Every structure is written in structure tokens, then in C-alpha cells.
Amino acid sequence: VDLSTTIAGAHLDNVFFNASGVWCQHEEELQALLESGSGSLITKSATYEHREGNPSPRYLPLPSGIGSINSMGLPNEGYEYYLNYARKFDYTHAKPLFISLSGLSLADNVKMVEAFVQANLPCILEVNFSCPNVPGKPQLGYDIDAMDAALATLAPLIKKPFGIKLPPYFDIAHFDQVAAVVNKYDNLAYVTCINSVGNGLAIDLDTETALIKPKDGFGGLGGLMVLNTALANVNAFYRRLPGKQVIGVGGVVSGKEAFLHILAGASAVQIGTQLKEEGPAMFDRIKKELTEIMEKKGYKSVEEFRGKVKTL
Ligand SMILES: CC(C)(C)CCc1c(C(=O)O)[nH]c(=O)[nH]c1=O
């Protein structure tokens, strides 16, 4: 069966790759992704300066495999590290390179975008809209006017097709409002849905203590428990963004959830928590599981069923 796809004009020989933030902060990790069964790779969201991030424990899988919680605090090597990586990257390689940017201000995003545009490389830029906004205001992804203003500045600068990483939405009116903004920008080629479900709290019964150290234990939720929110966001934006694509992420632990993401409309599928727990060998397992499901159902390519979820 054919698991290949094209995102923002770049060909992936299979739909799978890492969720930004997982297995992608350092070159060694990115090299492991290149050597894995993934179809592509995306770097850890970069800020202008290097960041250590929050004190540990800052990521933990939750008991009974329902998911994970993290408050990493944007640890990354600084954007120049990823720009250099993108300069050295072998673009004849079968896998396209995605670069995630998460500036702490619009000015920082502009400076980073300008540097990448100046370098004129084949990598695809993805702006993380869960990045923090002005302190006291909600993240960019939850401030529709700020999101529109950021895109009005960034889209013309980037010129080429690019994407944005979106937090999960839970209100139909928000799907409508965000889609109306996204549809204004022709080169905004895709949205990646969803980022972690924000500010969850995991507490240990025995110690009566929050699991992670930062932010009084508050952190983003990922893994199987966010699957149905992820499927809804993928399908909501698939229905609302004609001519654009959706990358699905959230709750993919096997070929089954990957199949459901594609059925909901995903053109590619990213994996975070399960990759963190299982390592890059996971891609071969998940590709095999998706292939088996497609063979059993008689599908020869992901194109045949993408977005074809039925309603009653
Ligand atoms: C949450 C932010 C630190 C504002 C952005 C980086 C990020 C982080 C992180 O670095 O803590 N974790 C996530 O699950 N998603 C993200 O987008």
C-alpha cells in the first residue's frame, strides 16, 4: 500500500513523523529520526536565544498509558543551531525537513523568519502558535486578533508555503474564527493540530504531590487521552480550510489512531508521547499496523480515504 503524501509541496514517502518537541532538540536525535522509518522530521521549536527550559521533572508519562504531561519550558539550542542544521541538511535525502519556530515575541519570530528566508533553504517553516504572548495574555493560538496580526506580518515575509502549530479548540465558534483568519493567507499551506491540551494537572495518590515540578504541576497533556480532541480539531479544520492541508497529531499510539486521523482529514500524522516512550523504532511498527488496516479494508493509498469520515 502507498503511505506517501505531500505537505506544502514537499514529498514524504510515508505520512509519519515526530511531533515537534520530541526527539528533535539536538542533531543526534534528528539523525536518529533520519535513520528511522519516519517520512520526515521537525525540529524542536526554536527561540531566538538558547534556552535551558524548566527544572525537572518536567515531562512524565501518566500511569496506565493514558498519556503524558509536560512543562518543558521551550528548552532549545537557539534558532541559529537549527539554521545551521538546515544549511548542512542533505535535501536530496528522501525526507523533507520542517523547522519549528516559537519566538517569545513577534519581533523574535520576525528576526528568525528573516534569517531563514535570507538563507533560502528548501526546509518548511512551521510557526508554533502555542508560543507565549504578552505575559498575562493567553497564548497566541487563543488570541484571535493577535494571531491575525502575527500572520499579517509573517506570511508575506515567509513568501513560500508554511504552516502553523495550533492548540486544541473546544468551541465551534473558535473553529470558525480561527479558520476565517487562516483562510486569509494564501501561503499558509497547512495547520498542525493539535498541540498539547494546555495546563492539565497530574497528582500522585501516595505522595499527594503534583507529578512535574514547573508551574505547580500544571502542564500540557498528550497521548491517547487527547485523541478524540485531536480528531475533532483535524476534522473541523479539514472541513473549514479548502485548498489547505491539516497535519494530525495527538493520541497516535498505533496504526489504528493514525488511520482515524487520516479519515478525519490528516495529510500527515505526527507522534509525540508514543515516540518519547518507545523511541524511533516505533515508526516501523506503526507503518506496519497502518498498512495491515488498509489491506484489510482494501485501501491502496491514504488518498483513497483521507477526510472520508462518514456521519450518521
Ligand atoms: C508551551 C510553550 C513553552 C509556550 C511552547 C513550547 C511547548 C512545550 C514546551 O516546551 O513546554 N510543550 C508542549 O507540549 N507544546 C509546546 O508548544
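Residues numbered from 1 in each chain as written. Predicted model: local features only at pLDDT ≥ 70, side-chain atom pairs only at ≥ 80, totals over all residues. Heavy atoms only, no water.

**Observations regarding the confidence of the model for the protein**
Detailed reading of the predicted coordinates is not advisable wherever pLDDT falls low.
Right, so step 1: Chain-level statistics for the protein give a pLDDT mean of 97 and a share of 100% at 70 or above.
Right, so step 2: Taken together, the chains of this predicted complex give a pTM of 0.98 and an interface ipTM of 0.99. (pLDDT = per-residue confidence, 0-100.)

**What about the pairing of strand 9 (residues 162-166)?**
Right, so step 1: Most of strand 9 sits out of view: five of its five residues are buried.
Right, so step 2: Burial of the side chains of strand 9 extends over both faces: Phe-162, Ile-164 and Leu-166 are buried on one face and Gly-163 and Lys-165 on the other.
Right, so step 3: When strand 8 (residues 124-128) meets strand 9, the two strands line up parallel, connected through three bridges. Bridge pairing in strand 9 links Val-127 to Ile-164.
Right, so step 4: Where strand 9 and strand 10 (residues 188-193) come together, five bridges link them in parallel fashion. Looking across to strand 10, one finds that Gly-163 is bridged to Tyr-190.
Right, so step 5: Remark: the strand 9/helix 5 (residues 172-182)/strand 10 crossover connection has right-handed handedness. (Buried < 20%, exposed > 50% of the residue type's maximum accessible area, 1.4 Å probe, protein only. Helix = DSSP H or I, 4+ residues; strand = E, 2+ residues; numbered from the N terminus. Pairing = 2+ DSSP bridges. Right-handed = clockwise from strand over helix to strand, strands pointing away.)

**Examining the packing of aromatic side chains**
Right, so step 1: According to the stated counting rule, one finds twelve aromatic pairs in the structure shown.
Right, so step 2: Both rings, one in Tyr-142 and one in Tyr-169, keep their centres 5.6 Å apart while their planes meet at 80°; by these two values the pair is edge-to-face. Highlighted residues: Tyr-142 in the loop between strand 8 and helix 4 (144-158) and Tyr-169 in the loop between strand 9 and helix 5, separated in sequence by 27 residues.
Right, so step 3: Three or more aromatic residues joined by ring pairs make a cluster, and in this case those are Tyr-142, Tyr-169, Phe-175 and Phe-237.
Right, so step 4: For the cation-ring pair, Lys-111 lies above Tyr-48, with the distance from its terminal atom to the ring centre recorded as 4.0 Å. (Phe/Tyr/Trp six-rings, centres within 6.5 Å; stacked < 30°, edge-to-face > 60°. Lys NZ or Arg CZ within 6 Å of the ring centre and 35° of its normal.)

**Details of the packing of helix 2 (residues 79-88) against helix 3 (residues 106-119)**
Right, so step 1: For the pair helix 2 and helix 3, interaxial distance at closest approach is 11 Å and the crossing angle is 15°. Judged by the inter-axis angle, helix 2 sits roughly parallel to helix 3. For the crossing formed where helix 2 meets helix 3, the hand is right-handed. For the pair formed by helix 2 and helix 3, the contact residues are Tyr-79, Tyr-82, Leu-83, Ala-86 and Arg-87 on the first element and Met-112, Ala-115, Phe-116 and Ala-119 on the second.
Right, so step 2: Partitioned by chemical class, the residues of the contact of helix 2 with helix 3 number eight nonpolar, no polar and one charged. (Axes fitted to C-alpha atoms, helices over the stretch in contact; angles between N-to-C directions. Parallel < 35°, antiparallel > 145°, perpendicular 65-115°, else oblique. Left-handed = near helix turned anticlockwise from the far one by under 90°. Contact = heavy atoms within 4.5 Å. Nonpolar A, V, L, I, M, F, W, Y, C, P; charged D, E, K, R; others polar.)

**Here's the deal with helix 5**
Right, so step 1: Along helix 5, the residues that are buried comprise Phe-175, Val-178, Ala-179, Val-181 and Val-182. End-on, the buried residues of helix 5 take up no more than an arc of 160°, which puts them together on one face.
Right, so step 2: Where helix 5 is buried, its residues contact helix 4, strand 9, strand 10 and helix 6 (227-240).
Right, so step 3: The N-cap residue of helix 5 is Asp-171: its side-chain oxygen and the backbone nitrogen of Ala-173 are 2.8 Å apart. (Arc of directions from axis to C-beta. Polar contact = N/O pair within 3.5 Å; in protein donor to acceptor, adjacent residues only side chain to side chain.)

**With respect to the sheet that holds strand 4 (residues 41-42)**
Right, so step 1: Across the sheet, eight strands lie side by side as 3-16-15-10-9-8-7-4; this open sheet has parallel pairing. Lying at the two open borders of the sheet, with one neighbouring strand each, are strand 3 (16-18) and strand 4.
Right, so step 2: Of the strand pairs in this sheet, strand 4 and strand 7 (residues 97-101) are connected by two bridges, and their pairing is parallel. Among the inter-strand pairings, Ile-42 is bridged to a residue of strand 7, identified as Phe-98.

**Notes on the pairing of strand 8**
Right, so step 1: Most of strand 8 is tucked away, with five of its five residues classed as buried.
Right, so step 2: The side-chain alternation of strand 8 yields two buried faces, one formed by Ile-124, Glu-126 and Asn-128 and the other by Leu-125 and Val-127.
Right, so step 3: One ladder, built from four bridges, connects strand 7 with strand 8; its direction is parallel. Within the sheet, the bridge partner assigned to Ser-100 lies in strand 8 and is Glu-126.
Right, so step 4: Since strand 7 and strand 8 lie parallel, the crossover through helix 3 that links them has a hand, and here it is right-handed.

**With respect to the side chain of Glu-126**
Right, so step 1: Here Glu-126 is to be found in strand 8.
Right, so step 2: Comment: no salt bridge for buried Glu-126; closest opposite-charge side chain is Lys-165, at 4.9 Å.
Right, so step 3: Within the structure, the side chain of Glu-126 is placed 2.9 Å from the side chain of Thr-192, a separation counted as a polar contact.
Right, so step 4: What Glu-126 contacts, discounting residues up to four positions off in sequence, is Ile-42, Ile-99, Ser-100, Leu-101, Gly-163, Ile-164, Lys-165, Tyr-190, Thr-192 and Gln-270. (Lys, Arg positive; Asp, Glu negative; His and termini not counted. Salt bridge = Lys/Arg side-chain N within 4 Å of Asp/Glu carboxyl O.)

**A short note on the site of the ligand**
Right, so step 1: If you check the shell around the ligand, you find Lys-44, Asn-70, Ser-71, Met-72, Gly-73, Leu-74, Pro-75, Asn-128, Ser-130, Pro-132, Asn-195 and Ser-196 and nothing else.
Right, so step 2: Within the side chain of Asn-128, an N or O atom sits 3.0 Å from an oxygen atom of the ligand.
Right, so step 3: In this structure, Ser-196 approaches the ligand through a side-chain N or O atom, which is 2.8 Å from an oxygen atom.
Right, so step 4: If the ligand stood free it would expose 380 Å²; the protein chains cover 77% of that surface. (Near = heavy atom within 4 Å. Areas by Shrake-Rupley, 256 points an atom, 1.4 Å probe, with all protein chains shown as cover.)

**What to know about helix 4**
Right, so step 1: For helix 4, which comprises 15 residues, the first-to-last C-alpha distance of 20 Å matches the rise-based estimate of 21 Å (1.5 Å per residue) to within 8%.
Right, so step 2: Along helix 4, the largest kink reaches about 25° and is centred on Leu-151.
Right, so step 3: Buried residues of helix 4: Ile-144, Ala-146, Met-147, Asp-148, Ala-150, Leu-151, Leu-154, Ala-155 and Ile-158, and no others.
Right, so step 4: Residues of helix 4 that are buried sit in contact with helix 3, strand 8, strand 9, helix 5 and strand 10.
Right, so step 5: Lys-159 sits one or two positions beyond helix 4 and adopts a positive phi of about 65°. (Expected span 1.5 Å × (residues − 1). Bend = angle between axes of the 7 residues up to and from the residue.)

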